[in-house]
Amino acid sequence: MPRPNRFRDVLRVGPVQVGTYYDGRGRDKHTAACTAPRCGFSADYHSRSAAELAARTHRCTA
Ligand SMILES: [Zn+2]
């Protein structure tokens, strides 16, 4: 998926990055994405706390 290029408030939790971005339609979105090779985890959340929780509980599958 294309990476949003307006991330702000980027937080790194282990290999996972959490970022908030404006979706262009009046809402903020929150994404957690793992940077580990071969993991490929990436998901959008409706709240910052949900994205941070996902980052903290993520376990790489690779
Ligand atoms: Zn991972």
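As annotated in an unreviewed UniProt entry, the protein chain carries the name Mobile element transfer protein and comes from Streptomyces radiopugnans.

Relative to the elements of secondary structure, Y45 occurs in strand β4 (residues 42–45). A C-alpha to C-alpha distance of 13 Å links Y45 and Y22, two positions 23 residues apart in sequence. Y45 has contacts with H30, A32, A50, A51 and A54, leaving out every residue within four places of it along the chain.

A few words on the sheet that holds strand β1 (residues 8–13). Ordered in space as β1-β2-β3-β4, the four strands form an open sheet in which the pairing is antiparallel. Of all the strands in the sheet, the pair left with one neighbour each is β1 and β4. Sheet twist, expressed as the average angle between the axes of neighbouring strands with direction ignored, equals 20°. Relative to strand β2 (residues 16–22), β1 runs antiparallel, the two being bridged by four bridges. Residue R12 lies in a different strand from β2, and its bridge partner there is Q17. Against the sheet, helix α1 (residues 48–57) touches β1, β2, β3 (28–34) and β4, its axis set at about 5° to β3.

Rules used in this analysis
Sequence order as written defines residue numbering, which begins from 1 separately in each chain. In keeping with the model being predicted, local features are shown solely for residues with a pLDDT of at least 70 and side-chain atom pairs are shown and tallied solely at 80 or more, while totals for entire chains, interfaces and linings include all residues. Under the DSSP-based scheme used, a helix requires at least four consecutive residues in state H or I and a strand at least two consecutive residues in state E, with every element numbered from the N terminus. Two residues form a contact once the distance between their C-beta atoms, set from the backbone, is within 7 Å. Should DSSP find at least two bridges between two strands, the strands are regarded as paired. Only the contacting stretch of a helix is used when fitting its axis, a line to C-alpha atoms as for every element, and angles between N-to-C directions run 0 to 180 degrees.

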